[in-house]
Amino acid sequence: SLETSGITQLMSQGLLKGTTQRSAAELMESIEAIGGSIESYAGNNSFGLNIELLNQDTDFGLDLLRETLGSPSFPSSEMEREREVQLAGIRSQKDQLLSRCFKLMKNGLFGKERYGLSSSGEESSVQALSLDQIRSHHERLVTPGNQVLSVFGDIDIDHVKKQLLNLWSDTASKSPIELPKSNASTQVESSNLSETCDKKQSVVVIGFLGTTLFDKERHALDLLQETCSDLGSRLFMRIRDELGLAYYVGAQHMPGVVPGYFGFYAGTSPEQVEKVIEEFKIQIEHLKAEGITQKELDRSKAKMLGQKQIARQ
């Protein structure tokens, strides 16, 4: 909700600020002593921990994962420092025109809930969060039925499976969290939203309701995003190179547990905003009517597959 916006990010950062067994410094020392690393994250749909270490230290990593996920202490002094870091990040976003314009677009598509909210929260909501709220949020979300554990590397799979049974057996009775239901309506009214700030540049974002993580069409939209964001894309060549209307241009796809969005964006000068919007409309209609070419599709597939292979290294 708007009142607790940003709570998941603050909670996820708090997972590494100490447990009932060890302080934050002791946690970091233990993982660094074996040449490993641990980090937390929170996004639009999930939060969690990433641990990297040598395969010989897998048992240690699983123990550390359980400790940090299952018994964080959320010490007040550490959490207050983390709150200030998050507030500073929120303030800095106000100077980032692209993210600021996307936020405005998402408010228009989704209102003041779900994806209409920022994962980092608002200054007022983050400032008001209490430790009790964070502890309750953690207790509600961190249950076995609400978790996915991925282990990747040169490991003994049977051994890891046995370790997992030992690690999580005592909490297996906790029930999973239900995913939110999709909104009944998939239509939104067309609207124009604008915000003025003291900058010499303008940003245009045109957003549409998208799809979910479970819909096979998400892959087509991923390819469309790549096609429209490439330096050789039709959007880039037409709007930036041919017409000289924008400094940068591209597309962004965000699927969700409920329908997310697909957006086109461009950075331009204030006097060119209307021309950019008109050209975007022409190009979007062209995409709807004719789709992308086989050459564009092949190039996007090759780039995305290459990026996935590199990421797996």
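One can find the structure itself at the top, above this paragraph.
One structure accompanies this document, and this report is about it. (Residues numbered from 1 in each chain as written. Predicted model: local features only at pLDDT ≥ 70, side-chain atom pairs only at ≥ 80, totals over all residues. Heavy atoms only, no water.)

A look at the overall build of the protein chain
Formally: Helix and strand definitions here come from DSSP, where helices need a minimum of 4 consecutive H or I residues and strands a minimum of 2 consecutive E residues; each element is numbered from the N-terminal end. We call a residue buried when its accessible area falls under 20% of the maximum for its residue type, exposed when it is over 50%, and partly exposed in between, using a 1.4 Å probe and counting protein chains only. All accessible-area figures derive from a Shrake-Rupley calculation using a 1.4 Å probe, and residue coverage is judged against the displayed protein chains alone. Neither His nor the chain ends is counted toward charge; the positive residues are Lys and Arg and the negative residues Asp and Glu. Where a charge lies is defined by one atom per residue type: Lys uses NZ, Arg uses CZ, Asp uses CG and Glu uses CD.
A tally of regular secondary structure across the protein chain gives twelve helices and five strands. Along the first, second and third principal axes, the C-alpha set of the protein chain runs to 60 × 45 × 40 Å. Counting every position in the protein chain, which comprises 313 residues, the buried fraction comes to 38%. Carbon and sulfur atoms provide 50% of the accessible area of the protein chain, an area that totals close to 18400 Å². The protein chain carries 34 positive and 43 negative side-chain charges, and their two centres are separated by 4 Å.

Overview of the nonpolar core
Basically, it comes down to this: Residues belong to one nonpolar core when they are buried, are Ala, Val, Leu, Ile, Met, Phe, Trp, Tyr or Cys, and are joined through side-chain atoms within 4.5 Å. Whether two residues are in contact is decided by their heavy atoms, any of which lying within 4.5 Å being enough.
Leu15, Phe47, Leu49, Leu69, Phe74, Met79 and Ile134 are the most contacted members of the largest nonpolar core, which totals 20 residues. Excluding residues within four positions of it along the chain, Phe74 makes contact with Met11, Gly14, Leu15, Gly18, Met79, Leu131, Ile134, Arg135 and His138. By size, the runner-up hydrophobic cluster in this structure holds 19 residues, among which are Val204, Cys228, Leu245 and Ala266.

Here we look at the sheet that holds strand E5 (residues 261-268)
Basically, it comes down to this: Here a strand pair is declared whenever DSSP counts at least two bridges between the two strands. For helices, the fitted line uses only the C-alpha atoms of the stretch in contact; every axis is such a line through C-alpha atoms, and the angle between N-to-C directions lies from 0 to 180 degrees.
The antiparallel open sheet is built from three strands, whose spatial order is E3-E5-E4. The open sheet is flanked by strand E3 (202-209) and strand E4 (246-254), the only strands paired with a single partner. Sheet twist, expressed as the mean angle between neighbouring strand axes with direction ignored, is 10°. In terms of strand pairing, E4 meets E5 through eight bridges, oriented antiparallel. Following the sheet pairing, His253 is matched in E5 by Phe262.

Quick look at the packing of aromatic side chains
Worth spelling out the cut-off: Two rings belonging to Phe, Tyr or Trp (six-membered ring only in the last case) form a pair when the distance between their centres is within 6.5 Å. Interplanar angles under 30 degrees mark stacking, angles over 60 mark edge-to-face geometry, and anything in between is tilted.
Under the counting rule described, the total for this entry stands at seven aromatic pairs. Ring centres 6.0 Å apart and planes at 40° place the aromatic pair Phe102 and Tyr261 in the tilted group. Taken together, the residues Phe102 in helix H5 (residues 97-110) and Tyr261 in strand E5 connect sequence positions 159 residues apart. With 6.3 Å between their ring centres and 90° between their planes, Phe208 and Phe264 make a pair best called edge-to-face. Here Phe208 is found in strand E3, whereas its partner Phe264 is found in strand E5, with 56 residues between them in sequence. Judged by relative accessible area, Phe264 falls into the buried class, the value being 4%. Grouping aromatic residues by their ring pairs yields a cluster made of Phe102, Tyr248, Tyr261 and Tyr265.

Geometric descriptors of this kind do not, in isolation, establish any biological role.
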